[in-house]
Amino acid sequence: MRVLLAGWFSFDEVIATVGDELGADVVAGWLTDAGVDHDVAWAPYLQRGVDWRDVDPAGYTHLVFVSGPLADRPLLRELTAAFAGARRWAVNVSVVQESARGLFHRVWERDAAGLARPDLAVEGPDPDAPVLAVAFTPAQGEYGERSQAERVRGAIEEWLADRALPWFELDMDLYEKPHARRPAQVEALVRRADVLVSMRLHALVLGLKHGRPVVACDPIAGGAKVTAQAAALDWPLVLPAEEVTAEALDAALQRALSGALDGRVRAAAGRGREGNARARAWFAEQLAG
(Lines give C-alpha, C1' and ligand atoms only; values in the text may rest on other atoms or scores of the structure.)
Protein backbone atom coordinates (compact mmCIF):
# COMPACT_ATOMS: atom_id res chain seq x y z
CA MET A 1 0.00 0.00 0.00
CA ARG A 2 1.32 3.43 -0.94
CA VAL A 3 -0.62 6.67 -0.62
CA LEU A 4 -0.35 10.02 -2.34
CA LEU A 5 -1.75 12.83 -0.21
CA ALA A 6 -3.09 15.74 -2.20
CA GLY A 7 -5.24 18.81 -1.70
CA TRP A 8 -5.73 22.27 -3.09
CA PHE A 9 -2.12 22.85 -2.01
CA SER A 10 -1.15 20.50 -4.86
CA PHE A 11 -1.97 22.98 -7.63
CA ASP A 12 -0.06 25.99 -8.94
CA GLU A 13 -3.32 27.35 -10.30
CA VAL A 14 -4.85 28.10 -6.88
CA ILE A 15 -3.65 29.31 -3.47
CA ALA A 16 -4.40 26.93 -0.61
CA THR A 17 -4.77 27.83 3.06
CA VAL A 18 -2.81 27.08 6.21
CA GLY A 19 -5.76 24.94 7.33
CA ASP A 20 -5.37 22.79 4.22
CA GLU A 21 -1.76 22.06 5.12
CA LEU A 22 -2.63 21.34 8.75
CA GLY A 23 -5.23 18.82 7.61
CA ALA A 24 -2.65 17.13 5.42
CA ASP A 25 -0.21 17.04 8.35
CA VAL A 26 -2.80 15.25 10.49
CA VAL A 27 -3.53 12.60 7.85
CA ALA A 28 0.20 12.18 7.17
CA GLY A 29 0.63 11.54 10.89
CA TRP A 30 -2.08 8.89 10.81
CA LEU A 31 -0.35 7.15 7.89
CA THR A 32 3.03 7.33 9.62
CA ASP A 33 1.58 5.83 12.80
CA ALA A 34 0.02 3.05 10.73
CA GLY A 35 3.31 2.35 8.98
CA VAL A 36 1.92 3.23 5.55
CA ASP A 37 4.30 4.58 2.94
CA HIS A 38 3.15 7.91 1.56
CA ASP A 39 4.13 11.09 -0.27
CA VAL A 40 2.59 14.55 -0.18
CA ALA A 41 1.92 16.29 -3.48
CA TRP A 42 2.81 19.96 -3.16
CA ALA A 43 2.36 22.62 -5.82
CA PRO A 44 5.66 23.50 -7.51
CA TYR A 45 5.50 27.06 -6.14
CA LEU A 46 5.77 25.63 -2.61
CA GLN A 47 9.08 23.95 -3.53
CA ARG A 48 8.74 20.77 -1.49
CA GLY A 49 7.37 17.25 -1.73
CA VAL A 50 6.44 15.73 -5.09
CA ASP A 51 4.56 17.15 -8.06
CA TRP A 52 1.59 14.89 -8.80
CA ARG A 53 1.89 15.64 -12.52
CA ASP A 54 5.45 14.22 -12.53
CA VAL A 55 5.01 11.03 -10.51
CA ASP A 56 3.95 7.65 -11.91
CA PRO A 57 0.34 7.09 -10.81
CA ALA A 58 0.91 3.35 -10.99
CA GLY A 59 3.22 3.70 -8.02
CA TYR A 60 0.32 4.55 -5.69
CA THR A 61 -2.51 2.35 -4.51
CA HIS A 62 -4.47 5.24 -2.98
CA LEU A 63 -5.05 8.92 -3.60
CA VAL A 64 -6.25 10.83 -0.53
CA PHE A 65 -7.51 14.37 -1.12
CA VAL A 66 -7.49 16.39 2.11
CA SER A 67 -9.45 19.49 3.16
CA GLY A 68 -11.19 22.29 1.35
CA PRO A 69 -14.22 22.44 -0.94
CA LEU A 70 -15.27 19.33 -2.84
CA ALA A 71 -16.68 20.52 -6.13
CA ASP A 72 -16.79 19.28 -9.70
CA ARG A 73 -13.95 21.46 -10.91
CA PRO A 74 -11.54 20.90 -13.82
CA LEU A 75 -8.47 20.66 -11.58
CA LEU A 76 -10.06 18.00 -9.40
CA ARG A 77 -11.21 16.09 -12.46
CA GLU A 78 -7.67 16.23 -13.87
CA LEU A 79 -6.19 14.91 -10.63
CA THR A 80 -8.65 12.07 -10.16
CA ALA A 81 -8.43 11.09 -13.83
CA ALA A 82 -4.65 10.84 -13.55
CA PHE A 83 -5.11 8.42 -10.62
CA ALA A 84 -8.04 6.55 -12.08
CA GLY A 85 -6.38 3.25 -11.20
CA ALA A 86 -6.04 4.11 -7.50
CA ARG A 87 -8.56 3.98 -4.69
CA ARG A 88 -9.59 7.59 -4.17
CA TRP A 89 -10.69 9.03 -0.83
CA ALA A 90 -11.63 12.57 0.13
CA VAL A 91 -11.13 13.49 3.77
CA ASN A 92 -12.11 16.63 5.73
CA VAL A 93 -13.86 18.24 2.77
CA SER A 94 -16.81 20.61 2.44
CA VAL A 95 -19.19 19.07 -0.10
CA VAL A 96 -20.40 22.03 -2.13
CA GLN A 97 -21.45 19.96 -5.16
CA GLU A 98 -22.95 16.52 -4.60
CA SER A 99 -21.89 15.44 -8.07
CA ALA A 100 -18.24 15.73 -6.98
CA ARG A 101 -18.67 12.70 -4.73
CA GLY A 102 -18.52 10.57 -7.88
CA LEU A 103 -14.84 11.43 -8.27
CA PHE A 104 -14.01 9.49 -5.10
CA HIS A 105 -14.71 6.02 -3.75
CA ARG A 106 -15.06 7.21 -0.15
CA VAL A 107 -15.72 10.62 1.38
CA TRP A 108 -15.37 11.83 4.98
CA GLU A 109 -17.20 15.12 5.00
CA ARG A 110 -16.21 18.07 7.12
CA ASP A 111 -19.56 19.52 6.22
CA ALA A 112 -22.34 18.75 3.76
CA ALA A 113 -26.09 19.19 3.63
CA GLY A 114 -27.36 18.40 7.15
CA LEU A 115 -23.91 17.37 8.41
CA ALA A 116 -21.10 19.09 10.30
CA ARG A 117 -17.93 17.55 11.74
CA PRO A 118 -14.82 19.07 13.40
CA ASP A 119 -12.05 20.14 11.06
CA LEU A 120 -8.82 18.14 11.28
CA ALA A 121 -6.80 21.26 12.11
CA VAL A 122 -8.08 20.99 15.70
CA GLU A 123 -5.58 18.13 16.12
CA GLY A 124 -1.81 18.19 15.96
CA PRO A 125 1.17 19.42 17.99
CA ASP A 126 1.37 22.90 19.46
CA PRO A 127 4.01 24.93 17.62
CA ASP A 128 6.94 25.95 19.80
CA ALA A 129 8.30 29.04 18.09
CA PRO A 130 8.89 32.55 19.35
CA VAL A 131 6.53 35.25 18.13
CA LEU A 132 8.29 38.36 16.87
CA ALA A 133 6.90 41.87 16.64
CA VAL A 134 8.74 43.69 13.88
CA ALA A 135 8.88 47.46 13.56
CA PHE A 136 10.09 48.72 10.19
CA THR A 137 10.87 52.31 9.40
CA PRO A 138 10.27 54.15 6.13
CA ALA A 139 13.09 55.79 4.23
CA GLN A 140 14.46 58.65 6.30
CA GLY A 141 15.43 61.40 3.90
CA GLU A 142 16.87 63.60 6.63
CA TYR A 143 19.84 61.22 6.86
CA GLY A 144 20.54 61.38 3.12
CA GLU A 145 22.91 58.75 1.80
CA ARG A 146 23.41 57.37 5.30
CA SER A 147 19.89 55.90 5.29
CA GLN A 148 19.96 52.18 4.59
CA ALA A 149 16.35 51.58 5.63
CA GLU A 150 15.41 49.79 2.42
CA ARG A 151 18.36 47.40 2.55
CA VAL A 152 17.93 46.68 6.27
CA ARG A 153 14.20 46.07 5.87
CA GLY A 154 14.84 43.71 2.95
CA ALA A 155 17.39 41.74 4.97
CA ILE A 156 14.97 41.38 7.89
CA GLU A 157 12.04 40.36 5.65
CA GLU A 158 14.13 37.75 3.85
CA TRP A 159 15.39 36.38 7.17
CA LEU A 160 11.86 36.11 8.57
CA ALA A 161 10.71 34.23 5.47
CA ASP A 162 13.73 31.92 5.19
CA ARG A 163 13.53 30.95 8.87
CA ALA A 164 9.71 30.60 8.73
CA LEU A 165 9.44 32.71 11.88
CA PRO A 166 5.99 33.73 13.13
CA TRP A 167 5.81 37.52 13.21
CA PHE A 168 3.54 40.50 12.94
CA GLU A 169 4.28 44.06 11.96
CA LEU A 170 4.25 46.64 14.71
CA ASP A 171 3.08 49.80 12.98
CA MET A 172 4.08 52.90 14.92
CA ASP A 173 2.22 55.49 12.84
CA LEU A 174 -0.66 57.34 14.47
CA TYR A 175 -3.01 56.98 11.53
CA GLU A 176 -3.91 54.23 9.09
CA LYS A 177 -6.84 55.06 6.82
CA PRO A 178 -9.62 55.23 7.75
CA HIS A 179 -8.89 54.92 11.49
CA ALA A 180 -6.54 56.45 14.02
CA ARG A 181 -4.10 54.22 15.89
CA ARG A 182 -3.73 54.63 19.65
CA PRO A 183 -0.57 53.98 21.70
CA ALA A 184 -2.45 51.52 23.91
CA GLN A 185 -3.11 49.33 20.86
CA VAL A 186 0.58 49.22 19.99
CA GLU A 187 1.67 48.55 23.57
CA ALA A 188 -0.83 45.70 23.94
CA LEU A 189 0.68 44.07 20.86
CA VAL A 190 4.20 44.54 22.23
CA ARG A 191 3.20 42.61 25.35
CA ARG A 192 2.08 39.65 23.25
CA ALA A 193 5.39 39.25 21.47
CA ASP A 194 8.31 37.22 22.77
CA VAL A 195 10.93 39.37 21.07
CA LEU A 196 10.90 42.66 19.17
CA VAL A 197 12.95 43.30 16.06
CA SER A 198 13.05 47.04 15.67
CA MET A 199 14.33 49.57 13.18
CA ARG A 200 12.54 52.27 15.19
CA LEU A 201 13.49 54.09 18.36
CA HIS A 202 10.10 53.90 20.05
CA ALA A 203 9.60 50.19 19.39
CA LEU A 204 12.96 49.65 21.11
CA VAL A 205 11.80 51.73 24.07
CA LEU A 206 8.37 50.07 24.33
CA GLY A 207 9.84 46.59 24.10
CA LEU A 208 12.15 47.22 27.04
CA LYS A 209 9.42 49.08 28.95
CA HIS A 210 7.25 45.96 28.77
CA GLY A 211 10.03 43.50 29.61
CA ARG A 212 10.66 42.19 26.09
CA PRO A 213 14.16 41.76 24.65
CA VAL A 214 14.73 43.79 21.51
CA VAL A 215 16.94 43.15 18.51
CA ALA A 216 17.59 46.76 17.52
CA CYS A 217 18.58 47.24 13.89
CA ASP A 218 19.80 50.75 13.16
CA PRO A 219 18.78 51.74 9.62
CA ILE A 220 21.36 54.54 9.42
CA ALA A 221 24.96 53.89 8.39
CA GLY A 222 27.28 54.83 11.22
CA GLY A 223 24.43 54.78 13.74
CA ALA A 224 21.81 57.38 14.64
CA LYS A 225 18.91 57.68 17.07
CA VAL A 226 18.28 53.91 17.47
CA THR A 227 21.90 53.31 18.47
CA ALA A 228 21.88 56.43 20.67
CA GLN A 229 18.74 55.31 22.50
CA ALA A 230 20.17 51.83 23.05
CA ALA A 231 23.23 53.48 24.58
CA ALA A 232 21.06 55.72 26.77
CA LEU A 233 19.27 52.64 28.11
CA ASP A 234 22.47 50.56 28.23
CA TRP A 235 20.91 47.95 25.92
CA PRO A 236 23.53 45.79 24.21
CA LEU A 237 21.64 44.06 21.41
CA VAL A 238 22.14 46.53 18.54
CA LEU A 239 23.03 45.68 14.95
CA PRO A 240 24.57 48.50 12.90
CA ALA A 241 22.99 48.98 9.47
CA GLU A 242 26.07 47.55 7.78
CA GLU A 243 25.88 44.35 9.85
CA VAL A 244 22.22 43.39 9.50
CA THR A 245 22.54 39.93 7.93
CA ALA A 246 20.71 36.64 8.39
CA GLU A 247 23.60 35.27 10.42
CA ALA A 248 23.73 38.31 12.68
CA LEU A 249 19.97 38.19 13.18
CA ASP A 250 20.16 34.47 14.02
CA ALA A 251 22.77 35.13 16.69
CA ALA A 252 20.88 38.11 18.10
CA LEU A 253 17.60 36.20 18.29
CA GLN A 254 19.29 33.27 20.01
CA ARG A 255 20.79 35.63 22.56
CA ALA A 256 17.45 37.37 23.10
CA LEU A 257 15.72 34.05 23.75
CA SER A 258 18.46 32.56 25.93
CA GLY A 259 17.40 34.40 29.08
CA ALA A 260 20.91 35.77 29.49
CA LEU A 261 19.66 39.32 28.94
CA ASP A 262 16.66 39.22 31.27
CA GLY A 263 18.51 41.28 33.87
CA ARG A 264 19.58 43.78 31.23
CA VAL A 265 15.96 44.17 30.09
CA ARG A 266 14.86 45.07 33.62
CA ALA A 267 17.85 47.33 34.13
CA ALA A 268 17.17 49.16 30.85
CA ALA A 269 13.57 49.85 31.87
CA GLY A 270 14.80 51.12 35.26
CA ARG A 271 17.39 53.31 33.58
CA GLY A 272 14.62 54.78 31.44
CA ARG A 273 12.50 55.60 34.48
CA GLU A 274 15.49 57.25 36.15
CA GLY A 275 16.09 59.33 33.05
CA ASN A 276 12.45 60.40 33.02
CA ALA A 277 12.74 61.48 36.65
CA ARG A 278 15.72 63.68 35.77
CA ALA A 279 13.84 65.15 32.78
CA ARG A 280 10.85 65.92 35.02
CA ALA A 281 13.08 67.64 37.58
CA TRP A 282 14.66 69.76 34.84
CA PHE A 283 11.23 70.67 33.49
CA ALA A 284 10.03 71.66 36.95
CA GLU A 285 13.07 73.93 37.30
CA GLN A 286 12.22 75.63 34.02
CA LEU A 287 8.64 76.18 35.15
CA ALA A 288 9.81 77.62 38.46
CA GLY A 289 12.27 79.89 36.75
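The notes below deal with the structure included here. (Residues numbered from 1 in each chain as written. Predicted model: local features only at pLDDT ≥ 70, side-chain atom pairs only at ≥ 80, totals over all residues. Heavy atoms only, no water.)

1. Focus on the nonpolar core
Ranked by internal contacts, the top residues of the largest apolar core, which has 44 residues, are Leu-132, Ile-156, Val-215, Cys-217 and Trp-235. In terms of residue count, helix H3 (residues 149–162) provides more of this core than any other element does, 6 residues in total. Look past the residues within four positions of Leu-132 in its chain and what remains in contact with it is Trp-159, Leu-160, Leu-165, Pro-166, Trp-167, Phe-168, Ala-193, Val-195, Val-197 and Leu-253. Membership of the second largest hydrophobic core comes to 23 residues, among which are Leu-4, Phe-11, Ala-86 and Leu-103. (Core = buried A, V, L, I, M, F, W, Y, C linked by side-chain atoms within 4.5 Å. Buried < 20%, exposed > 50% of the residue type's maximum accessible area, 1.4 Å probe, protein only. Helix = DSSP H or I, 4+ residues; strand = E, 2+ residues; numbered from the N terminus. Contact = heavy atoms within 4.5 Å.)

2. Brief notes about the sheet that holds strand E3 (residues 62–70)
Pairing in this open sheet of 6 strands is mixed, and the strands run E2-E1-E3-E4-E5-E6 from one edge to the other. With partners counted over all chains shown, the strands left at the sheet margins are strand E2 (37–40) and strand E6 (115–116), one partner each. On top of the sheet, helix H1 (residues 18–33) reaches strand E1 (2–6), E2, E3 and strand E4 (87–95); it is set at about 150° to E3, its chief contact. Helix-sheet contacts for helix H2 (residues 74–82) involve E1, E3 and E4, and the interaxial angle to E3 is about 170°. (Pairing = 2+ DSSP bridges. Axes fitted to C-alpha atoms, helices over the stretch in contact; angles between N-to-C directions.)

3. A look at the packing of helix H5 (residues 201–209) against helix H6 (residues 225–232)
It is the contact of H5 with H6, at a shortest axis distance of 9 Å, that shows an interaxial angle of 25°. Judged by the inter-axis angle, H5 sits roughly parallel to H6. For the pair H5 and H6, the crossing hand works out as right-handed. The residues of H6 that touch H5, namely those facing Leu-201, Leu-204 and Val-205, are Lys-225, Val-226, Gln-229 and Ala-230. Along the lines of polarity and charge, the residues of the contact of H5 with H6 split into 5 nonpolar, 1 polar and 1 charged. (Parallel < 35°, antiparallel > 145°, perpendicular 65-115°, else oblique. Left-handed = near helix turned anticlockwise from the far one by under 90°. Nonpolar A, V, L, I, M, F, W, Y, C, P; charged D, E, K, R; others polar.)

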